[in-house]
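# Fold and geometry: a report
In case you want the letters, here they are:
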Amino acid sequence: MNTRGRLHAAAGLRPALPLDGGCTCSRSAGGVGRGSTTGATWRPALMSGIQATAHRGASAPGLDRAPGTTTPLRGLTGRSLGLLGATIGLGIVVLASLRVGSVPLDTGTAIAAFTAFDGSNEHLIVRSLRLPRTLIGLGVGAALAVAGGVMQAVTRNALASPTILGINAGASFAIVTAVFVLGVVTPSMYVWFAFAGALATAVVVYLLGAVGPDGPSPVKLALAGAVVTALLGSWISAILVFNQRTLDEVRFWLAGSLAGRDLGVFWQVSPFLIAGLIASLALGRQLNTISLGEDVAAALGQRAALVRGVCAVVVVGLAGASVAAAGPIGFIGLAVPHVVRTLVGADYRWILAYSAVLGPVMLLASDILGRIVARPSEIQVGIVTAIVGAPFLIHLVRRRKLSAV
Amino acid sequence: MSLLTTPRRTALRVQVPAGRARRLHVSTRVDLRVAALVSVVVVLALVIATWTMTLGEFPVPFADVLTTSLGRGDGTYDFVVRTLRLPRTLAAIGVGVALATSGAIFQALVRNPLVAPDIIGVNAGASLAAVFVIVSGGTSALIPVAALFGALGTTAGVYGLTWRKGISGNRLVLVGIGVNAVLAALTTLLIVRYPIEQVSSAVLWLTGTLYARSWEHVAGIAIGLAVLVPAALALMPQLRALQLGDDIARALGSRAEPARTGLLVAGAALAGSAVAVAGPVGFVALMTPHIARMLAGPLTGGVLMLAGALGALLVLASDLIAQHAFSPISLPVGVVTAAVGAPYFLYLLYRSNRRLV
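Residues numbered from 1 in each chain as written. Chains lettered and ligands numbered in written order. Predicted model: local features only at pLDDT ≥ 70, side-chain atom pairs only at ≥ 80, totals over all residues. Heavy atoms only, no water.

## Thoughts on the overall build of chain B
For clarity, the cut-off: Here a helix means four or more residues in a row that DSSP labels H or I, a strand means two or more in a row labelled E, and each is numbered from the N terminus. Radius of gyration: over C-alpha atoms. The globule rule applied is 2.2 Å multiplied by the number of residues raised to the 0.38 power. Here, residues are in contact when the closest pair of their heavy atoms is within 4.5 Å. All accessible areas in this document rest on Shrake-Rupley with a 1.4 Å probe, and a residue is counted as covered only by the protein chains that are shown.
Looking only at helices and strands, chain B features 14 helices and two strands. A compact globule built from 357 residues would reach a C-alpha radius of gyration of about 21 Å, and chain B, at 21 Å, matches this within 12%. Principal axes of the C-alpha set define a box for chain B whose edges measure 60 × 50 × 50 Å. Taking all contacts inside chain B whose residues are at least 6 apart in sequence as the whole, residues at least 24 apart take part in 70%. Taken as a whole, chain B presents about 15100 Å² of accessible surface, with 67% of it coming from carbon and sulfur.

Take a look at the structure:
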């Protein structure tokens, strides 16, 4: 390696964009000295920060935190009680979701719609409008939050969310094409197109990211995802600009909404949601290991490629089903794992469990807010999630000390 | 050895002697390979620009395009070239240079290859302001102004929210993503609430279009570039120091905070002026710096100029395809930039991945 390369390597940079997520310095001819920097390839800033923590042997990485600080919920008892509390909170939110709307109902009516159904307007509203909405919100919220947590563990990048695999873009493109070409109009018909689009895009992104000797590393995946998203975005724009009818149909779906879906949509996606949730909770231990970094994980005997592959399948299943059911809802997968991490630390078994409960809380709460604020019409949940979730994330980012990279 | 292999070390040292005021000492190193690349790209861009101007409803011969643009034509093609096509071409060049430079600055500043002004809220702020003007029926002259103020206001907001005894790259990106999400959601709200007729033109603007760009637009972007690009080039040494990390940068004598602020402002203003002229043209700011780095190595002043030249080339080529590939339909340029840039970027990714064996 020439002098410039050596200087760059010593300073933690490489001459060209390193499209592998791992450190190749030790594999290069002559083993260029890494000096005192850990992980001497130019990675996305957050990844190198987390790597540095791992190499220093500090506690398992989450948002970088000075050693010695602790989270509010510690130990098995604390965390279990917290989870119980979160579940109770979820129950309250679910009840509120059944009650709130353009026709406000009280708890008795809401419960009676299931126990003593008498065909009245209120009971019909609860069972055919609000129940599907609540159930889909439950499923999609949990799925998105858990998928986000898994992505952040695998890519070791706190900015990761299922969107970077191009899932939202693929589903949106499939929907737009379906409306444009086939005139599909109802959400229950959208579901399969969206799922197919999400799946196809994720596969393409994965294959693109897997080109090269190192397989699908996080940076390569993210870059491939960004490229495919940009490409699909341009095609979507082309169709929407030229066909006003399609735009009129699709703009509501593209905002991300829980409204207008019946229980059929829920039953169609629930197998994927349930399977994905169970699989990701089972992957908790593996995620703990993989989030320590490739070298440490390999030293601990983990087969990183296999785990990454399984995680990719799980994420695609969860996120694809969510997008198919409710449209592209963007903030849950990013924000909820962050929030959860500040509560329970960096053990992914707990992070995923909490995300599965707090994700629906956030989603349903946003949905309720959207129903209240613009009565008698409503604001789509995808819009509310962003407007509510983003300031919270910003507050979180400002409160925590992020290590200077 | 082709231009695409690892950089050679030949360099040309240019030094301006100190003179009396030692602070005015300017010296720079010119990497000949990068200079050659920049020249090639610039020539290519000019060829494509001229070719674009010859095409259209009124075909204009190549030589006449050149003479008329330079003001020495015989007047027959004045309207077509000087009023319709030349402003559009110059606007395309300006937008390309501005977006690519802005993307390069942000990616180097934050040391994250996935960062672009689109992601951290600059484009979203500009879009929200412009879409609001469009759907509420404001005059179209107001749109660029609104976009520029939206971009600058958003950057100020992101900066203010990130400031906590200093700016950290991580925090900036996270805050930017948050702000971006809010503004994008508000834009979606506008798109969902207003009647479809007004929303259509808003969506058209949102894809990024160079249709009917006039000399005012060109003047605007030219002023922006004239001020900001030299500023960015002057801050290049600071940027390279910052890339080594704050501590090393300070040890090297660079003042981290003012340098970062200056670079941030330059990057955001460049993106803002590009959006004001053509709307949020996607992909250019994200990918052009990657392509430049893959061709020429880590960011220096020369690589910044290469990125700018590549940005201009990309936008010009996209505009050519957008206007004439599917005639009589004329696509918005934003639709084509990704379609043109993505395959080339994927090819470069593939090549550079294979080279790591």
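## Quick look at the overall build of chain A
Test applied: Throughout this description, buried means an accessible area under 20% of the type-specific maximum (1.4 Å probe, protein chains only), exposed means over 50%, and partly exposed covers the range between.
Along its length, chain A carries 16 helices and zero strands. With 405 residues in all, chain A has 58% of them scored as buried. Partitioning the contacts of chain A with sequence separation of at least 6, the portion at a separation of at least 24 is 74%. For chain A, the accessible area works out to roughly 15300 Å², and carbon and sulfur atoms hold 67% of it.

## Re the pattern of salt bridges
Under the convention used in this document: What makes a salt bridge here is a side-chain nitrogen of Lys or Arg within 4 Å of a carboxyl oxygen of Asp or Glu, nothing more.
As enumerated under the stated definition, the model contains eight salt bridges over all chains in all. Close ionic contact of A:E294 with A:R308 constitutes a salt bridge, the shortest N to O distance being 3.4 Å. Residue A:E294 is located in helix α12 (residues 294–299), and its partner A:R308 is located in helix α13 (residues 304–326); the two are separated by 14 residues in the primary sequence. For A:E294, a relative accessible area of 22% puts it in the partly exposed group. Ionic pairing is found between B:R260 and B:E257, a salt bridge with its closest N-O pair at 3.4 Å. Placement of both B:R260 and B:E257 in helix α11 (residues 256–278) is noted, with a separation of three residues, approximately one turn of the helix. The class of B:E257 is buried, set by a relative accessible area of 17%. Each of A:R133, A:D367, A:R371 and A:E378 takes part in one network of salt bridges that share partners.

## Concerning a nonpolar patch on the surface
Residue and element names in this part refer to chain A. Threshold: Patch membership requires over 30% relative accessible area and the absence of a salt bridge. Like charges are linked within 9 Å, and nonpolar side chains (Val, Leu, Ile, Met, Phe, Trp, Tyr) within 5 Å.
A cluster of nonpolar side chains, contributed by L81, L84, I88 and I92, occupies part of the molecular surface with about 430 Å² of accessible area. As for its placement among the helices and strands, I92 is situated in helix α3 (residues 75–99). Residue I92 is classed as exposed on the basis of its relative accessible area, which comes to 56%.

## Some points on the nonpolar core
Put simply, the test is: Nonpolar cores are built from buried Ala, Val, Leu, Ile, Met, Phe, Trp, Tyr and Cys residues. Side-chain atoms within 4.5 Å join them into one set.
Judged by nonpolar contacts, the single largest core of 217 residues is most densely connected at A:I167, A:L287 and B:L306. Counting residues in hydrophobic clusters, the runner-up holds six residues, among them B:M53, B:V60, B:V81 and B:L86.

## Description of the interface of chain A and chain B
Threshold: Buried area: the accessible area, evaluated with a 1.4 Å probe, that two parts lose upon being put together, summed over both parts. What qualifies as a polar contact is a pair of N or O atoms within 3.5 Å, subject to a donor-acceptor requirement within protein and to the restriction that residues adjacent in sequence count only when both atoms come from side chains.
Counting residues at the interface gives 62 residues for chain A, matched by 68 residues for chain B. Of the roughly 5600 Å² buried at the junction of chain A and chain B (both faces included), carbon and sulfur atoms supply 73%. For the pair chain A and chain B, the interface holds six residue pairs in polar contact (both at pLDDT 80 or more). For the side of chain A that touches chain B, the secondary structure elements donating two or more residues are α1 (3–10), α2 (45–55), α8 (218–242), α9 (244–254) and α16 (381–399) of chain A. If one sorts the elements of the side of chain A that touches chain B by residue count, α8(A) sits on top with 15 residues.

## So, unusual backbone geometry
Although it is not a glycine, B:A212 sits at a positive phi angle of roughly 60°. Along the polypeptide, B:A212 turns up in the loop between α7 (196–207) and α8 (215–234).

## Considering the side chain of B:S318
All names here are of chain B. Summarising the element assignment, S318 is placed in helix α13 (residues 301–324). The exposure class of S318 is buried, given its relative accessible area of 0%. Setting aside residues no more than four positions away along its own chain, S318 makes contact with V333, V336, T337 and V340.

## Let's talk about the environment of B:L233
All names here are of chain B. Residue placement: L233 occurs in helix α8. Residues L233 and T300 lie 67 residues apart in sequence; the distance between their C-alpha atoms is 8.5 Å. Setting aside residues no more than four positions away along its own chain, L233 makes contact with G301, L304 and M305.

## Some details on the packing of aromatic side chains
Two aromatic rings, taken as a pair, are described by how far apart their centres are and by the angle between their planes. Residues and elements named next belong to chain A. Heads up, the rule is: Any pair of Phe, Tyr and Trp rings, taking the six-membered ring for Trp, is counted once the centres come within 6.5 Å. Such a pair is stacked with planes under 30 degrees apart, edge-to-face with planes over 60 apart, and tilted for the rest.
The final tally for this structure, using the stated rule, is five aromatic pairs over all chains. Aromatic side chains F173 and W235 sit 5.6 Å apart centroid to centroid with 50° between the ring planes, which places their arrangement in the tilted category. A residue pair is termed long-range when its members are at least 10 positions apart, and F173 in helix α6 (residues 167–182) and W235 in helix α8 qualify at 62 residues. With relative accessibility at 22%, the residue F173 sits in the partly exposed group. Judged by relative accessible area, which is 38%, W235 ranks as partly exposed.

## Quick look at the layout of surface pockets
Quick note on the threshold: Any residue with an atom within 4 Å of a point lines the site, the site being either a cavity, points on a 1 Å grid over the protein atoms alone where a 1.4 Å probe fits but cannot get out, or a pocket, an open set with protein on both sides within 12 Å along at least 5 of 7 lines. Grid points are joined across faces, edges and corners, and a volume is the space filled by probe spheres set on the points. Amino acids are sorted into nonpolar (Ala, Val, Leu, Ile, Met, Phe, Trp, Tyr, Cys and Pro), charged (Asp, Glu, Lys and Arg) and polar (every other residue, Gly among them).
The space that makes up the second largest pocket amounts to roughly 990 Å³. B:R88, B:L210, B:Y211, B:A212 and B:S330 are the residues nearest the centre of the second largest pocket, which is lined by 34 residues in total. Elements with a contribution of two residues or more to the lining of the second largest pocket: α8 of chain A together with α3 (78–110), α5 (142–162), α7 and α13 of chain B. Among the elements that take part in the lining of the second largest pocket, α3(B) stands out by supplying five residues, more than any other. Classifying every residue of the lining of the second largest pocket gives 20 nonpolar, 10 polar and four charged.

## Considering the environment of B:F106
All names here are of chain B. With respect to the helices, strands and loops of the structure, F106 is situated in helix α3. Taking C-alpha positions, F106 is 20 Å from I248, a pair spaced 142 residues apart along the chain. In this structure, F106 is in contact with V115, P117, I120, L264, G267 and A268, ignoring residues within four places of it in sequence.

## Let's talk about the environment of A:I383
If you trace the backbone, A:I383 turns up in helix α16. On the basis of relative accessible area, A:I383 is assigned to the buried category, the value being 1%. On a C-alpha basis, the gap between A:I383 and A:L129 in space is 20 Å, while along the polypeptide they are 254 residues apart. Filtering out sequence-adjacent residues up to four positions away, A:I383 remains in contact with A:A255, B:A185, B:T188 and B:L189.

## Section: the side chain of B:S273
Residue and element names in this part refer to chain B. Turning to its location among the elements, S273 is positioned in helix α11. According to the relative accessible area criterion, S273 is buried, its value standing at 11%. Looking at S273, its side chain comes within polar contact range of the main-chain oxygen of L270, at 3.1 Å. Once you skip the residues sitting within four places of it in the chain, S273 turns out to touch L148 and I221.

## Comments concerning the confidence of the model for chain B
Convention followed: Confidence of the predictor at the level of single residues is given by pLDDT, which spans 0 to 100.
Residues at a pLDDT of 70 or more form 91% of chain B, whose mean pLDDT is 83. In the predicted complex, the global pTM is 0.76; the interface-specific ipTM is 0.74.

## Notes on helix α12 (residues 284–296) of chain B
All names here are of chain B. Formally: Expected helix span is given by 1.5 Å per residue-to-residue step, counting one fewer step than there are residues.
If you check α12, its first and last C-alpha atoms are 18 Å apart, about what 13 residues at 1.5 Å a residue would give, namely 18 Å. The buried fraction of α12 is high, at 13 of 13 residues. Where α12 terminates, the next one or two residues include G297, which has phi positive at roughly 100°.

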